[in-house]
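Each chain is listed here by its residues.
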Amino acid sequence: MSTDIKQAMHVEAGKSFGTSEANENERRWDEDKIDRKNQDPTNHYDKTRMKLNFEIGPDGKIHPLGYQEKPLEIRLQERLAELSWKPFKADSKIQPNCCAKFIFGGNHDRTLEMAFGEQTINLEKDADNSYLHRCEEIEHWAKDVYDWCARRYGQENVIGFQVHLDESSPHIHALIAPVGIRPKGGRECVMWSAKFGKDRFEYGRILREMHTSLYEEVGSKYGLERGDSIDGRNVQHLHKRDYIRKLTKEAKQAEKAVKGLQTMIRKLEQELLAGRNRLKEIDEALASGKITLDKYEAQKADIQKLIAEYQSKLDDKAGKLHVKELELEQLTKDASKIRSVIQPFRNHKVDFSPPQITEKVPLFGTDKWVERQNRFIAKKFTDIVRKIESLYRNDAARQVEAAQRNVLADYGELYQLRKDVKTLIENNDVLESTLETMLDQLANPSLRSKIFAIADALAGGTPAAISSSGGGGGNSDTDLRWDGRRPDEEEEAYRRRCLMFAVGIVKRQHEKKSYRR
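Note that the structure is predicted; figures quoted are calculated from it, not measured.

A. Fine view of the overall build of the protein. Across its full length, the protein carries twelve helices and eight strands. When each of the 517 residues of the protein is scored for burial, the buried share is 33%. Long-range contacts, defined here as pairs at least 24 residues apart, represent 67% of the contacts in the protein between residues at least 6 apart. By element, 53% of the accessible surface of the protein is carried by carbon and sulfur atoms, the whole surface being about 33500 Å².

And the structure:
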C-alpha cells in the first residue's frame, strides 16, 4: 500500500455547464433523487453526511451548501453576459471554452483526517454517520484553496466553490470563468488561452506551474506533497478499448482477491470461535475436577496463544480486505467513465510562413507581374491547405481504423459470449441428466444408503472402498481416488461435490451390474 500523501488537482475545459451538473455540485436533490443516484454501484452519496457539506461564497466566507438563491448555472451565465461573451452559432461543430471545471483533493486518509479528525467514520453504503461533526482544518484548507483560485483568476470569476464531505474522499468543486485582456481595445473578455495557454505545449507548462504553486501556497501547509510529474517516466498510453480491457481485468483480479480474503476471514473467525469454545470447555473441566490445575494452565496458555495468532491474522486480513475493496471501487468507477470509444480529432499545429510579395513593382508590364505574383501566392496557399487536408484526412482514417478495431473487438466479445452460452447450455444439460439420475437412485433405498455412505466417507476424509463385483468383499484397487477438500472451497460446495461424486460412482457400478445380468 502506497504511503504517499499527495495533493490532487484536475481541471477540465468546459464549453457549457448544465443544470444537472450544477444541481450535483450544489446537492439540489430530494431524497428520491439521492436514492436513485445511489442505485449506481459506482456512486456513494452518504445522506447522513450531506449536512456537513459547505461552500465558500463571493464574500470569501463559509456558508451552507446551496445557500445562494440563484443556481450555479445561472450565476455563470450572468458573469458571461457581463463579459459580453457570445458562443458560436448553435449549429457550429466548434464552440469556445467558457469555463474551467476544477476538482481539488488529496490523499484519501489525509483528507478524511482534515474533515473528521479522530472520529470513526463508516464508509459502507447506507451507514449512519449522523454523529459526525466537521473539523475546522478542512475549512481552513478549503479557504486557502479558494484564496489561491481568487489570486490567479480573480474573485469575481470564481462562480462556484463547493466542498463535498458526503462521498468516499473529501474534495472541492470550483467553477471558474477564464478572463483575459483583449489585445485590441484592452477590455476584459472570456479568454481560455489567457489563463491556460494557446496550445497543448503551453497548457502543459502552465499546468505544471499550477501544481507547483498549489503545493507551495496550500498543500505544504497541510502535509500534502506535490504530485509526481510524468516527465522522464516510461508512461504507456493505451487505446480506449485496450484500457477498458485492462481495467476490467484488474477489476476481476481485485474482485477475486476480495472474495478470497472474505473466505480467509470467515475461516479465521471460525477458528477464533472454536478457540473460545475450547476455553469454556477446559474451564468446565477444571470446575468439575476432570483435569488438574497444571494441565488446565498449560492448555489455557496454548489456546490463548493460538487465539492471539488468529486475531493477529484476522486484523491483517481485514486491513488488506479494506484496501482491496477501495481498489475495486475505484477500478469500477474508472471503467464506467471510459466506456466511450469515440476518438476526437487531434489539435495539429501547422508551421508555415505567410506568402509575401518580395519583388518590386516594375515600371512596365505590371499586368504580367501581378499575374505572376498571384500564381506564386496561390501555389503557396494551396500547399498550406493540402498540408492541413492531409493531417485531418489521416486523422479521419485513424478514426475509421479505431472504429473498425472496436467493432472487431465487440464481435470478438460477442463470439466469446456465444461460446460461453453454448458451454453453459451443455453444462446445464449434463447437470439436468445428472439430477434425473440422482433422483432415480435416491428413490432406491439400497442405492440411497450406498450414496450417502460414500458421500459421508468423502466429506469426513476417511477411505471409502467399494466392491466392483456383484458380491463378496471389497477390493483395494477400487478405493475412490479423491483429491479431498480444496483450499479455497466452501463447506457447502465441498459437500455438494462429495455427493455428486458418490452418485457417479454408484451409477457406474449399477450400470456394470445391469450389464452382467
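B. Local environment of the layout of surface pockets. In this structure, the second largest pocket occupies an estimated 390 Å³ of space. Considering the residues around the second largest pocket, the lining is formed by 15 residues, among which His44, Leu123, Glu124, Glu325 and Glu329 are closest to the centre. Its residues assigned to classes, the lining of the second largest pocket comprises five nonpolar, six polar and four charged.

C. Structural context of the pattern of salt bridges. Evaluation of the coordinates by the stated rule reveals 26 salt bridges. Put simply, Glu225 and Lys6 hold a salt bridge, and the shortest N to O gap is 3.7 Å. Highlighted residues: Glu225 in the loop between helix 7 (200-217) and helix 8 (240-288) and Lys6 in the segment before strand 1 (7-14), separated in sequence by 219 residues. With a shortest N-O distance of 2.8 Å, Arg134 and Glu139 are connected by a salt bridge. On the basis of relative accessible area, Glu139 is assigned to the buried category, the value being 18%. Several salt bridges converge on common partners, so that one network encompasses Glu26, Arg28 and Arg75.

D. Spotlight on the pairing of strand 6 (residues 171-176). With six of six residues buried, strand 6 lies mostly within the body of the structure. On strand 6, burial covers both faces: His171, His173 and Leu175 on one face and Ile172, Ala174 and Ile176 on the other are all buried. In terms of strand pairing, strand 4 (residues 99-106) meets strand 6 through five bridges, oriented antiparallel. Residue pairing in the sheet places Phe104 in a bridge with Ile172 of strand 6. Examined bridge by bridge, strand 5 (residues 158-164) and strand 6 share six bridges and lie antiparallel to one another.

E. Quick look at the nonpolar core. The biggest cluster of nonpolar side chains holds 36 residues, and the ones touching the most others in it are Phe102, Phe104, Trp141 and Phe161. When residues in this core are grouped by element, the largest group, eight residues, is from helix 5 (residues 136-153). Setting aside anything within four residues of it in sequence, one finds Trp141 in contact with Phe104, Gly105, Met114, Ile172, Val218, Tyr222 and Leu224. With 19 residues, the next largest nonpolar core counts Ile265, Leu314, Leu321 and Leu328 among its residues.

F. Helix 7, seen in detail. An ideal rise of 1.5 Å per residue puts 26 Å on 18 residues; helix 7 measures up with 25 Å between its terminal C-alpha atoms. Regarding helix 7, the residues found buried are Gly204, Ile206, Met210, His211, Ser213 and Leu214. Elements that come into contact with the buried residues of helix 7 comprise strand 1, strand 4, helix 5 and helix 6 (192-196). Sitting at the head of helix 7, Asp199 places a side-chain oxygen 3.1 Å from the backbone nitrogen of Phe201.

G. The arrangement of the sheet that holds strand 4 in detail. Across the sheet, six strands lie side by side as 1-4-6-5-2-3; this open sheet has antiparallel pairing. With one partner strand each, in any of the chains shown, strand 1 and strand 3 (62-64) form the two edges of the open sheet. Within this sheet the neighbouring strands show an average axis-to-axis angle of 20 degrees, counted without direction. The sheet strands contacting helix 3 (residues 72-82) are strand 2 (54-56), strand 4, strand 5 and strand 6, and the helix crosses strand 5 at an angle near 155 degrees. Strands strand 1 and strand 4 of the sheet are contacted by helix 7, whose axis makes an angle of about 140 degrees with strand 1.

H. Expanded view of the packing of helix 1 (residues 19-26) against helix 3. Two numbers describe how helix 1 lies on helix 3: the axes approach to 8 Å, and their chain directions differ by 115 degrees. Mapping the contact onto sequence places Thr19, Ala22, Asn25 and Glu26 in helix 1 and Leu72, Glu73 and Arg75 in helix 3. Residues of the contact of helix 1 with helix 3, tallied by class, amount to two nonpolar, two polar and three charged.

I. Broad picture of the environment of Lys324. Tracing the chain through its elements places Lys324 in helix 9 (residues 293-337). With 68 residues separating them along the chain, Lys324 and Lys256 place their C-alpha atoms 9.8 Å apart. Leave out the neighbours within four places in its chain, and Lys324 touches Ala257, Val258 and Leu261.

J. Up close: the state of the cysteines. Counted under the stated rule, the structure contains zero disulfides. Between Cys99, a cysteine without a disulfide, and Cys98, which holds the nearest cysteine sulfur, the sulfur-to-sulfur distance is 4.1 Å. In this structure Cys99 comes out as buried when scored by relative accessible area, which is 0%.

K. Examining unusual backbone geometry more closely. The phi torsion at Ser84 lies on the positive side, around 60 degrees, for a residue other than glycine. Note that Ser84 resides in the loop between helix 3 and strand 4. With phi around 65 degrees, Asp126 is a residue other than glycine that occupies positive phi space. Along the chain, Asp126 falls in the loop between helix 4 (108-116) and helix 5.

L. Broad picture of the side chain of Glu26. Relative to the assigned elements, Glu26 resides in helix 1. For Glu26, a relative accessible area of 2% gives the class buried. A distance of 3.0 Å separates a polar atom in the side chain of Glu26 from a polar atom in the side chain of Arg28. Glu26 has contacts with Glu55, Leu65, Gly66, Pro71, Leu72, Arg75 and Gln162, leaving out every residue within four places of it along the chain.

The rules behind each value
- Residues numbered from 1 in each chain as written.
- Predicted model: local features only at pLDDT ≥ 70, side-chain atom pairs only at ≥ 80, totals over all residues.
- Heavy atoms only, no water.
- Helix = DSSP H or I, 4+ residues; strand = E, 2+ residues; numbered from the N terminus.
- Buried < 20%, exposed > 50% of the residue type's maximum accessible area, 1.4 Å probe, protein only.
- Contact = heavy atoms within 4.5 Å.
- Areas by Shrake-Rupley, 256 points an atom, 1.4 Å probe, with all protein chains shown as cover.
- 1 Å grid on protein atoms, 1.4 Å probe; cavity = no way out; pocket = protein on both sides within 12 Å on 5 of 7 lines; lining within 4 Å.
- Points joined across faces, edges and corners; volume = space filled by probe spheres on them.
- Nonpolar A, V, L, I, M, F, W, Y, C, P; charged D, E, K, R; others polar.
- Salt bridge = Lys/Arg side-chain N within 4 Å of Asp/Glu carboxyl O.
- Pairing = 2+ DSSP bridges.
- Core = buried A, V, L, I, M, F, W, Y, C linked by side-chain atoms within 4.5 Å.
- Expected span 1.5 Å × (residues − 1).
- Polar contact = N/O pair within 3.5 Å; in protein donor to acceptor, adjacent residues only side chain to side chain.
- Axes fitted to C-alpha atoms, helices over the stretch in contact; angles between N-to-C directions.
- Disulfide = S-S within 2.5 Å.

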